[in-house]
Amino acid sequence: MIWKAPPLADMTEIAASDFRHAQRHIRLDTILRLRWLAVLGQLAAIFIVAQGLEFNVEIVPCVSIIALSAALNLALQTVSNPLQRLEPMQAAGLLALNIVELAGLLYFTGGLQNPFSFLFLAPVLISATALPARFTFGLGVLAVACASVLFFFHLPLPWDSDDPLVLPPIYLVGVWLSIVLAIGVTSLYSFQVTEEARKLADALAATELVLTREQHLTQLDGLAAAAAHELGTPLATIFLISRELEKTVKDASFAADLKTLREQTQRCRDILSKITQLSSTGAPFDRMKLSELIEEVVAPHRDFGVEIKVRIAVAAVSEPVGSRNPAILYGVGNIVENAVDFAHTTVEVNAWWNKDTIELLISDDGPGIPPDILNRIGEPYLSRRRTTDEGSGERRGLGLGVFIARTLLERTGAKVSFTNRIFPEHGAVVQITWPRQRFEAIESLEETIG
């Protein structure tokens, strides 16, 4: 039985879309912890300024704002389950409330002259790491608006009344500008880093799904063999009884029915005998030569109007023989599939080996890899395929196929590199190199996953 890998791109694009567009949520408990931390920090700051430094502070309005914040926290903890996940709109609303509360406190304590004015950054950064971009943008605009209002309207900074602090307007303009730039730059940076980490996590999850699916398919062979073994005895009994009855029954109509029963029972036994050979241990294709592996990978793609040339170099040492590893089949198969998709007329698969190394070169005569993504090829969600009109037949790729292929191959010990052909030739070239000892030692899917 020759195993053929299903189209990896189709499956990974569906799975990837499920991951990619998943909604983001923050637990209520996370927001409440941050708000309680803010309440304690604000109370401590007011106490130190008023009692430790003996500056004049508008204690009553400041404590009133903090008390309202604490009361809201208590109400949320009482009414709602702290472990529930908030919708993005709800989380953004609570973060916006944090910005407004901070602006109220800063109004009574010096406005932008207060060094704590940079705390406007905190809610926006939290949003950048956990909420969609539109909410982060809205919170950033709100924080900048509050800072702009505080530039013009605020009570004096608590200070020594005998030696008041007077800051020049140009300094306050610098503070306002630094807050605006800090909100924009740090939020963008945090969002980008978090988005990259989320993409990588989603892509790795899709990779694990591919391997888990193949593992389940492989386990079905063993289950089928076990079922065939269990069914073998009752079918043998039915076959023997039907054959004996066929010899003794004289009625022609009954004899014909018994003959049909015996023939169908024998057919079932033959089918079960074939299924038994699918067991994962001792199957004829558990170990395969490199040339056989290449042919198995290439065969499903020969009927798409692109000529696939396979060249096996003659070497002085024996041909490598490795396990029929699903990770290698998926990985090499996906790269061949991509080469066929982008090739104009020809795809070449060249293989050579020596006593230390095994190398595959997969090349096509297509447009090649664009220079701007050549160094990033293999990253998740990196794709140049565009959505086309419905019915055009072109698929919309999420860029996960090459990432999964590279990840699977590297887990088997391979090094994968992407280049373009040297001018005047054109097309992409993928080089896959294994240490021969590692290639021939790979035994199981579990080892690949680990």
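Computed from a predicted structure; not experimentally measured.

1. Remarks on the overall build of the chain
Helix and strand counts for the chain stand at 14 helices and nine strands. Within the chain, the proportion of its 450 residues that are buried is 40%. Within the chain, contacts between residues separated by at least 24 positions form 76% of all contacts whose residues are at least 6 apart in sequence. Taken as a whole, the chain presents about 24,800 Å² of accessible surface, with 63% of it coming from carbon and sulfur.

2. What about the sheet that holds strand β9 (residues 428-435)?
Backbone-to-backbone hydrogen bonds pair the strands of a sheet. The strands run either parallel or antiparallel. Pairing within the open sheet is mixed, and its five strands lie in the order β4-β6-β7-β9-β8. Looking at strand neighbours, the two that pair on one side only are β4 (307-312) and β8 (415-420), the edges of this open sheet. Strand-to-strand twist across the sheet, computed as the mean angle between neighbouring axes with direction ignored, equals 15°. As defined by bridge partners, β8 adjoins β9 across six bridges and the pair is classed as antiparallel. Looking at β9, one finds that threonine 419 is bridged to valine 429.

3. With respect to the pairing of strand β6 (residues 346-353)
Counting buried residues in β6 gives six out of eight residues, a clear majority hidden from the surface. Across seven bridges, β6 lies against strand β7 (residues 357-364) in antiparallel orientation. Directly across from valine 347, in β7, lies its bridge partner aspartate 364. The antiparallel pairing of β6 with β7 creates a hairpin that spans three residues between the two strands.

4. Topic: the UniProt feature "transmembrane region" (unreviewed entry) in the chain
The sites that carry the UniProt feature "transmembrane region" (unreviewed entry) are, in the present numbering, residues 34-53, 59-79, 91-109, 115-132, 139-157 and 169-191. Secondary structure content for residues 59-79 is 100% helix and 0% strand, and the end C-alpha separation is 30 Å. Between the end C-alpha atoms of residues 139-157 there is a gap of 26 Å, over a span that is 74% helix and 0% strand.

5. Digging into the pattern of salt bridges
The full count for this structure, using the stated rule, is seven salt bridges. Glutamate 101 is the partner of arginine 35 in a salt bridge, and the nearest nitrogen-oxygen pair spans 3.1 Å. Taken together, the residues arginine 35 in helix α2 (residues 28-52) and glutamate 101 in helix α4 (residues 88-108) connect sequence positions 66 residues apart. Per residue, the accessibility class of arginine 35 equals that of glutamate 101, and both read buried. Arginine 436 is paired through a salt bridge with glutamate 440; the nearest N and O atoms lie 3.3 Å apart. Of this pair, arginine 436 and glutamate 440 both sit in helix α13 (residues 436-441), four residues apart, which is roughly one turn of the helix.

6. Concerning the confidence of the model for the chain
For the chain, the mean per-residue pLDDT works out to 78, and 78% of the residues sit at or above 70. Within the model, pLDDT remains below 50 along residues 1-21, and this stretch shows 49 contacts once partners closer than five positions in the same chain are excluded. Counted against residues more than four places away or in other chains, residues 386-398, with its pLDDT under 50, gives 20 contacts.

7. A short note on the packing of α2 against helix α3 (residues 59-79)
Angle between the axes and distance between the axes: these two values describe a pair of packed helices. Running from N to C, α2 and α3 point in directions that differ by 160°, and their axes come no closer than 10 Å. Judged on the interaxial angle alone, α3 and α2 are roughly antiparallel. Between α2 and α3 lies a crossing whose hand is left-handed. Taken together, the residues of α3 that come into contact with α2 (itself represented by Leu28, Leu32, Arg35, Trp36, Val39, Gln42, Leu43, Ile46 and Ala50) are Ile59, Cys62, Ile66, Ser69, Ala70, Leu72, Asn73, Leu74, Leu76 and Gln77. Here the contact of α2 with α3 is built from residues that sort into 14 nonpolar, four polar and one charged.

8. Looking at the nonpolar core
In this structure, Val332, Val347, Ile362, Leu409, Ile432 and Trp434 are the most contacted members of the largest nonpolar core, which totals 37 residues. The set of elements that each furnish at least two residues to this core consists of α9 (290-298), α10 (326-342), β6, β7, α12 (400-411), β8 and β9. Ranked by residue count, the leading element in this core is α10, at seven residues. Ignoring sequence-local partners within four residues, the contact set of leucine 409 consists of Ala327, Ile328, Gly331, Val332, Ile335, Ala414, Val416, Ile432 and Trp434. One finds Leu28, Leu76, Leu102 and Val124 within the second-largest nonpolar core, a separate group that totals 31 residues.

Procedures and definitions
Residues numbered from 1 in each chain as written. Predicted model: local features only at pLDDT ≥ 70, side-chain atom pairs only at ≥ 80, totals over all residues. Heavy atoms only, no water. Helix = DSSP H or I, 4+ residues; strand = E, 2+ residues; numbered from the N terminus. Buried < 20%, exposed > 50% of the residue type's maximum accessible area, 1.4 Å probe, protein only. Contact = heavy atoms within 4.5 Å. Areas by Shrake-Rupley, 256 points an atom, 1.4 Å probe, with all protein chains shown as cover. Pairing = 2+ DSSP bridges. Axes fitted to C-alpha atoms, helices over the stretch in contact; angles between N-to-C directions. UniProt positions renumbered as here; feature names shortened; annotations may be inferred. Salt bridge = Lys/Arg side-chain N within 4 Å of Asp/Glu carboxyl O. pLDDT = per-residue confidence, 0-100. Parallel < 35°, antiparallel > 145°, perpendicular 65-115°, else oblique. Left-handed = near helix turned anticlockwise from the far one by under 90°. Nonpolar A, V, L, I, M, F, W, Y, C, P; charged D, E, K, R; others polar. Core = buried A, V, L, I, M, F, W, Y, C linked by side-chain atoms within 4.5 Å.

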